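A closer look at the structure
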Amino acid sequence: MAKTIITAALTGAVTPAGYKIPETPQQIANEAYDAWKLGAAVVHLHMRADDGLGAMDKEKFRETIKLIRSHKDCDVIINCTSSGASPEHPATDDERMAHHRELSGIEMGSYDAGSFNWMPGGVFVNSPQFLQKLGDLYMEKGIKPELEIFDAGMLGVASYFVKKGHLSTPCHYQFCLGVLGGMPATVENLLYLVQHIPAGSTWSAFGVGKGHLPILFASLALGGHIRVGMEDNVVYEVKENGEKVMATNHMLVERAVNAVKAFGNTPATPDEARRMLGRRFCLRLKVEHGNCIGRLLDFPTINQSFPQHHIVPRYGVYSTVVNVAGKLYGGVTNVGVKPTVGSDRPLSETYILDYSGDLYGQTVEVYFFRFVRPEQKFGSISELKEQ
């Protein structure tokens, strides 16, 4: 059964006050967790200043990520905007990237591939210089770019930066249709965009306002993924008598999940979405001293502790690939609290196949490929060794 990635865009920067939009870090985190429980694999985050207007506030991003990750069962993909300022709270290019540069736990970031007149508010500026710096930062930090395409010409901009080595591939496109100044939210326009992206790319789409449902259904029919949420649409339905039913994020995500299932697909889990987007979960952490239990078992391991608010994968055993100084090795990694011997905090413990050497204090990359089994407790060390 085919998998569809659902992204929940919860807040946005321009949706006006008066609707049921989460604005504080606690409200945004609560709705992100709810969207994940409903079936969203990705949450797209904007921040609002204390006056309710869009702002690139690094500390509010930090607090929101912390609150989302406080739900230990929640492995939702966190996608943070790079374009959430407002006239009242402008941001420099560096301020638009500060949270991506400095905070952990961000797996995806928006990349608006061009400038245009966002009517009637003003010019939405994304200069070539900014886009080059943003793409380079995403590559450095291992953040998956979400290439937001508002008009067909932006495909050429994205292609330029791919060819120049400032964007990683395969690309993931988000077609943003229905903004006045960009492409209207029509099926014909969506089809054109889908037909003009490189083979092997993934894509998602949404329509603003009335274009919401036509683009949602067309995206499913064309084999794409979907985005819903209060950033893009505040009306759930219009009744026969003309009465408008106002939306909430819960209502929009729930309807998207039902639409995916009615179409015959299944909402992708965050782990499935990572694989589909070509983004293996990766730890880039320093190796620290452990309790040498692995050495006692004749399977010496590297130990890596998760920083505060870092995403922690589901507890269990994984097949992994380990990058040591540019050379790749197979690995087996346990994530959890080591119930047989006990640990007071979650750890990543990896046995590297066909490798011997001292890695203490070095930063090692561990790429997660397949979940093997849940973490389990054994009756003794010898029983653990035998398995």
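Attention in this report is confined to the structure presented alongside it. None of these values were measured; they are calculated from a predicted model.

1. A closer look at the overall build of the protein chain
Across its full length, the protein chain holds eleven helices and 20 strands. For 387 residues, the compact-globule estimate of 2.2 N^0.38 gives 21 Å, and the protein chain sits close to it at 22 Å. The dimensions of the protein chain, computed from C-alpha atoms along their principal axes, are 70 × 45 × 40 Å. For the protein chain, the proportion of its 387 residues judged to be buried stands at 51%. Of the roughly 17,700 Å² that the protein chain leaves accessible, carbon and sulfur atoms contribute 53%. Positive and negative side-chain charges in the protein chain, numbering 38 and 41 respectively, have mean positions lying 4 Å apart.

2. A closer look at the sheet that holds strand β8 (residues 144–149)
Pairing within the closed barrel is parallel, and its eight strands lie in the order β2-β3-β4-β5-β8-β9-β10-β11. With strand direction ignored, the average angle separating the axes of adjacent strands in the sheet is 25°. Examined bridge by bridge, strand β2 (residues 6–9) and strand β11 (residues 225–228) share three bridges and lie parallel to one another. Opposite T7, over in β11, you have R227 as the bridge partner. Where helix α5 (residues 153–163) meets the sheet, it contacts β5 (108–112), β8 and β9 (172–177), and its direction lies at approximately 150° from that of β8.

3. Details of the environment of G357
With respect to the helices, strands and loops of the structure, G357 is situated in the loop between β19 (347–352) and β20 (363–373). The spacing of G357 and L155 is 202 residues in sequence and 46 Å in space, taken between C-alpha atoms.

4. Observations regarding the side chain of S305
Position of S305 among the secondary structure elements: in strand β16 (residues 301–305). The class for S305 is buried, based on a relative accessible area of 17%. Side chain to side chain, S305 and E288 meet in a polar contact 2.5 Å long. Beyond its immediate sequence surroundings of up to four residues, S305 is in contact with L285, E288, R345 and L347.

5. Focus: the pairing of strand β3 (residues 42–45)
Taking every second residue as pointing to the same face, both faces of β3 are buried, with V42 and H44 on one and V43 and L45 on the other. Running through helix α1 (residues 25–38), the crossover from β2 to the neighbouring parallel element β3 is right-handed. Bridging between β3 and strand β4 (residues 77–80) involves four bridges; their strand directions are parallel. Within the sheet, the bridge partner assigned to L45 lies in β4 and is C80. With helix α2 (residues 58–69) bridging β3 and its parallel neighbour β4, the resulting β-α-β unit is right-handed.

6. Overview of the pattern of salt bridges
In the structure shown here, the tally under the stated rule is eleven salt bridges. Put simply, E148 and R227 hold a salt bridge, and the shortest N to O gap is 3.3 Å. Here E148, found in strand β8, pairs with R227, found in strand β11; they are 79 residues apart in sequence, far enough to count as distant.

7. Some points on the environment of E272
Looking at the secondary structure, you find E272 in helix α9 (residues 270–276). Along the chain, E272 and A41 lie 231 residues apart, while their C-alpha atoms are 8.5 Å from each other. Every residue in contact with E272, bar those within four places of it in the chain, is listed here: K3 and P267. Among the polar contacts listed, one links the side chain of E272 to the side chain of K3, at a separation of 3.3 Å.

8. Examining the sheet that holds β16
The strand order across the open sheet built from six strands is β15-β20-β17-β18-β19-β16, with neighbouring strands paired in antiparallel fashion. Lying at the two open borders of the sheet, with one neighbouring strand each, are β15 (282–286) and β16. Averaged over all pairs of adjacent strands, the angle between strand axes in this sheet comes to 35°, irrespective of strand direction. Judged from the six bridges that link them, strand β18 (residues 327–336) and β19 form a sheet pairing that is antiparallel.

9. A short note on α2
An ideal rise of 1.5 Å per residue puts 16 Å on twelve residues; α2 measures up with 17 Å between its terminal C-alpha atoms. Along α2, the residues that are buried comprise K60, F61, T64, I65, L67, I68 and R69. Lining the buried residues of α2 we find α1, β3, β4 and α3 (93–102). Capping the start of α2 is the job of one residue whose side-chain oxygen sits 3.1 Å from the backbone nitrogen of E59: D57.

Parameters at a glance
- Residues numbered from 1 in each chain as written.
- Predicted model: local features only at pLDDT ≥ 70, side-chain atom pairs only at ≥ 80, totals over all residues.
- Heavy atoms only, no water.
- Helix = DSSP H or I, 4+ residues; strand = E, 2+ residues; numbered from the N terminus.
- Rg over C-alpha atoms; globule rule 2.2 N^0.38 Å.
- Buried < 20%, exposed > 50% of the residue type's maximum accessible area, 1.4 Å probe, protein only.
- Areas by Shrake-Rupley, 256 points an atom, 1.4 Å probe, with all protein chains shown as cover.
- Lys, Arg positive; Asp, Glu negative; His and termini not counted.
- Charge placed at Lys NZ, Arg CZ, Asp CG, Glu CD.
- Pairing = 2+ DSSP bridges.
- Axes fitted to C-alpha atoms, helices over the stretch in contact; angles between N-to-C directions.
- Contact = heavy atoms within 4.5 Å.
- Polar contact = N/O pair within 3.5 Å; in protein donor to acceptor, adjacent residues only side chain to side chain.
- Right-handed = clockwise from strand over helix to strand, strands pointing away.
- Salt bridge = Lys/Arg side-chain N within 4 Å of Asp/Glu carboxyl O.
- Expected span 1.5 Å × (residues − 1).

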